[in-house]
Amino acid sequence: MSTKPKTPFPPDFLWGAATASYQIEGSPLADGAGPGIWHRFSHTPGRTSNGDSGDIACDHYHRFRDDVALMRDLGLRAYRFGIAWTRIYPEGKGRVNQAGLDFYRRLLDELHAAGIQPLVTLYHWDLPAALDDLGGWLNRDVASWFAEYATTVYRAFDDRVPMWVTLNEPWVVTDGGYLHGVLAPGHRNHFEAPIATHNLMRAHGAALAAYRAVGKNQIGTVVNLEPKYPASQSDEDLAATRRSHAYMNEQYLDPLFRGSYPDEVVKMFGEAWPKLPSSDFDSIRQPIDFLGINYYKRSVVRNDPQQVIERASHVPQPDAIRTTLDWELYPAGLTDILVWVKERYGDLPLYVTENGAAFYDPPSAVDGAVDDPLRVHYLQTHIAAVGEAIRRGVNMRGYFVWSLLDNYEWSHGYSKRFGIVHVDYATQKRTIKSSGRWYGEMIRGNGIR
Ligand code: IFM
């Protein structure tokens, strides 16, 4: 008699896919929307690969009904997407643009009709340009601007959005946008980075407080985490690994759950670390209902005094499978980081809110099919790693693949494809990749395929 393998995933586990507004919607200025920092950055010569912008992207703004139908065909139970602040408040604050709200209402209605649960991100990197002109994330007032926008959106949609996310990956916003300058708004200033960090945390706190006043469902936030392993057991490499871990994994979670920044991070920034009012932390550390974790890779760390702030660099591993972004496949790192979050911050509900890989996977010249065995392998092994975390007692509630569609990969433009659905950017034709079919069947088996 054959025994069926037992799934570690609870029956109501939320299987979904994720996207972000600027990466898929296109038409960033349509129907009264204002420009965001990504519109500005991508239209600045030399900032993005091939000069690519999100002007058209996947044209989801016009094709969202077809895209929801695709999600239904795939069998997704949930869809994580972002709302563009610039569509709701073209100038970032003050005047509301009703047409922007109407677009997201239509999308939410479509999802509801398809039986797909939405999970909505309020900030996925596209700050209104008008607010950037006022200092953006460097201006303390950004916390109340964000709460104003969030409140408008909660009031409009809380009846149909069971789960909200305040910020996506604040680490990337400051590290890429204010320290290394590779992402919008493109600053390189280590005095600015900790100010941006702290204002992001304050904005999270303000949006959370606003939600408790008007909302009835669940709210959390999303961080990107990357476990750090030492390249050797030397004191220097061990200390560098500790610094890197504090910088990337604890910098945002410590203030959220413990009410302070890690000492290593404060030390790293030295004289650039600002004096922070202790009362700010009361709002930052209010309880959240769940935490979202985005996981892509690990890092093997060595001491490197040439590198700013962290004084550490990543050592590429021989014989590893790597994505077209040169990211190493390391599924065990996902289990490690989920277990670490539980051990350090407690037993709160966790979701993997992004996980996926960019590979070169062109359509077949014969029949147009897109076969992407490496992505199937990536998903299979990482979903197994989530199962292992559940077996080790982590309170996992859902998993979202990044991404539903091939899309605009920020400064890499359209050169990196993460989708489980292929997009032909010349025709906007969508083709479900073999990974999309695999994922749909895996969902039907609730983790077993
Ligand atoms: O495309 C991004 C997404 O916007 C945020 N998380 C990482 C993804 C892949 O780089």
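Analysis parameters
- Residues numbered from 1 in each chain as written.
- Predicted model: local features only at pLDDT ≥ 70, side-chain atom pairs only at ≥ 80, totals over all residues.
- Heavy atoms only, no water.
- Salt bridge = Lys/Arg side-chain N within 4 Å of Asp/Glu carboxyl O.
- Helix = DSSP H or I, 4+ residues; strand = E, 2+ residues; numbered from the N terminus.
- Buried < 20%, exposed > 50% of the residue type's maximum accessible area, 1.4 Å probe, protein only.
- 1 Å grid on protein atoms, 1.4 Å probe; cavity = no way out; pocket = protein on both sides within 12 Å on 5 of 7 lines; lining within 4 Å.
- Points joined across faces, edges and corners; volume = space filled by probe spheres on them.
- Nonpolar A, V, L, I, M, F, W, Y, C, P; charged D, E, K, R; others polar.
- Contact = heavy atoms within 4.5 Å.
- Pairing = 2+ DSSP bridges.
- Near = heavy atom within 4 Å.
- Polar contact = N/O pair within 3.5 Å; in protein donor to acceptor, adjacent residues only side chain to side chain.
- Areas by Shrake-Rupley, 256 points an atom, 1.4 Å probe, with all protein chains shown as cover.
- Sits in = over half its atoms within 2 Å of the grid points.

Chemist: Quick question: what am I supposed to make of the pattern of salt bridges here?
Modeler: Tallied over the entire structure, the rule returns 29 salt bridges. A salt bridge links Arg160 to Asp109, with the shortest nitrogen-to-oxygen separation between them at 2.6 Å. Residue Arg160 is found in the loop between helix H7 (142-157) and strand S4 (163-168), and its partner Asp109 is found in helix H5 (residues 98-114); the two are separated by 51 residues along the sequence. A relative accessible area of 39% means that Asp109 is categorised as partly exposed. Between Glu264 and Arg242 there is a salt bridge whose closest N-O contact spans 2.7 Å. Taken as a pair, Glu264 in helix H12 (residues 263-269) and Arg242 in helix H10 (residues 235-250) lie far apart in primary sequence, 22 residues in all. Through salt bridges with shared partners, one network takes in Asp361, Asp372, Arg375, Asp406, Arg417 and Lys433.

Chemist: Explanation requested: empty space enclosed by the protein in the structure shown.
Modeler: Over the atoms rolls a probe the size of a water molecule, and in doing so it shows where empty space is left. Inspection of the entire model under this criterion finds 3 cavities of 30 Å³ or more. Here the largest cavity is characterised by a volume of approximately 70 Å³. If you trace the largest cavity, you find it lined by Ser21, Tyr22, Glu25, Gly26, Pro28, Gly54, Ala84, Thr86, Arg87 and Asp126. Of all elements in the fold, only helix H1 (21-24) and helix H4 (85-88) reach the threshold of two or more residues within the lining of the largest cavity. Of the residues contributing to the lining of the largest cavity, the split by class is 3 nonpolar, 4 polar and 3 charged. In this structure, the second largest cavity occupies an estimated 60 Å³ of space. If you trace the second largest cavity, you find it lined by Ile37, Trp38, Tyr123, Trp125, Trp137, Val172, Val173, Tyr178, Leu183, Ala184 and Pro185. Of all the secondary-structure elements, those providing two or more residues to the lining of the second largest cavity are helix H2 (37-42) and helix H8 (170-179). Counting residues per element, the lining of the second largest cavity draws most heavily on H8, at 3 residues. By residue class, the composition of the lining of the second largest cavity is 11 nonpolar, no polar and no charged.

Chemist: Would you explain helix H16 (residues 434-444) in this entry?
Modeler: The periodicity of an α-helix, 3.6 residues per turn, causes residues three or four places apart in sequence to face the same way. Among the residues of H16, those classed as buried are Ser435, Gly436, Trp438, Tyr439, Gly440, Met442 and Ile443. Contacts from the buried residues of H16 go to strand S1 (14-18), helix H3 (60-74), helix H15 (373-391), strand S11 (396-402) and strand S13 (429-432).

Chemist: Just checking my understanding: could you explain the pairing of strand S5 (residues 218-224) for this structure?
Modeler: A regular strand places its side chains on the two faces of the sheet in alternate fashion. Across the 7 residues of S5, 6 count as buried, placing the element largely inside the fold. Two elements, S4 and S5, share 4 bridges in a ladder whose sense is parallel. Counted as the bridge partner of Met163 is Gln218 from S5. Here S5 runs beside strand S7 (residues 290-294); their pairing, made up of 5 bridges, is parallel.

Chemist: Any chance you could explain the site of the ligand here in plain terms?
Modeler: Taken together, the neighbourhood of the ligand is formed by Gln23, His124, Trp125, Asn168, Glu169, Tyr296, Trp327, Glu354, Trp402, Glu409, Trp410 and Phe418. Within the side chain of His124, an N or O atom sits 2.8 Å from an oxygen atom of the ligand. Taking Trp410, its side chain carries an N or O atom lying 2.9 Å from an oxygen atom of the ligand. Protein contact buries 95% of the 280 Å² of open area that the ligand shows by itself. In this structure the site holding the ligand corresponds to the largest pocket.

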